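# Coordinates in review
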Amino acid sequence: MPDERLLVIVEDDVAFAKTLKRSFERRDYTVLLATSLEELGETLKEHSPGYAVVDLKLAGASGLACVEALHTHDASTLIVVLTGFASIATAVEAIKLGACHYLA
């Protein structure tokens, strides 16, 4: 069962991740940060977030792998993919893997 006010941000740009974190915390979310698929995996061992914001382009792996990991962990997690590199192909793939929104 996901924690309804727990959100995980998967973003390798530390400054942007901290800005997003503060913004969500002002809206009464508890926020966890991960910079890679590996860190996300460690986070999911202990937590079950109700929400996730995932960057599409990460240094070590595609954000799509993170979407898949989140959806596999708990299909009820609401996942938003953020990207500055939008394409129809990645949007379709993100939705197929379990994202509920894809924002360019």
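Residues numbered from 1 in each chain as written. Predicted model: local features only at pLDDT ≥ 70, side-chain atom pairs only at ≥ 80, totals over all residues. Heavy atoms only, no water.

## Observations regarding the packing of helix 3 (residues 63-73) against helix 4 (residues 88-97)
- For the pair helix 3 and helix 4, interaxial distance at closest approach is 9 Å and the crossing angle is 15°. Considering their axes alone, helix 3 and helix 4 lie roughly parallel with respect to each other. Viewed along their axes, helix 3 and helix 4 form a crossing whose handedness is right-handed. Contact residues: L64, V67, E68 and H71 in helix 3; T90, E93, A94 and L97 in helix 4. (Axes fitted to C-alpha atoms, helices over the stretch in contact; angles between N-to-C directions. Helix = DSSP H or I, 4+ residues; strand = E, 2+ residues; numbered from the N terminus. Parallel < 35°, antiparallel > 145°, perpendicular 65-115°, else oblique. Left-handed = near helix turned anticlockwise from the far one by under 90°. Contact = heavy atoms within 4.5 Å.)

## Some thoughts on the pattern of salt bridges
- This model, assessed by the stated rule, comprises two salt bridges.
- Between K21 and E25 there is a salt bridge, and its shortest N-O distance comes to 2.6 Å. Taken together, the residues span about one helical turn, with K21 and E25 both in helix 1 (residues 14-25) at a distance of four residues.
- Assessed through its relative accessible area of 24%, K21 is described here as partly exposed.
- The partly exposed category is assigned to E25, whose relative accessible area is 34%. (Salt bridge = Lys/Arg side-chain N within 4 Å of Asp/Glu carboxyl O. Buried < 20%, exposed > 50% of the residue type's maximum accessible area, 1.4 Å probe, protein only.)

## Details of helix 3
- Considered for burial, the residues of helix 3 that qualify are G63, L64, C66, V67 and L70. Projected down its long axis, helix 3 carries its buried residues within an arc of 155°, all on one side.
- For helix 3, the side-chain oxygen to backbone nitrogen distance between the N-cap and L64 is 3.0 Å, and the N-cap itself is S62. (Arc of directions from axis to C-beta. Polar contact = N/O pair within 3.5 Å; in protein donor to acceptor, adjacent residues only side chain to side chain.)

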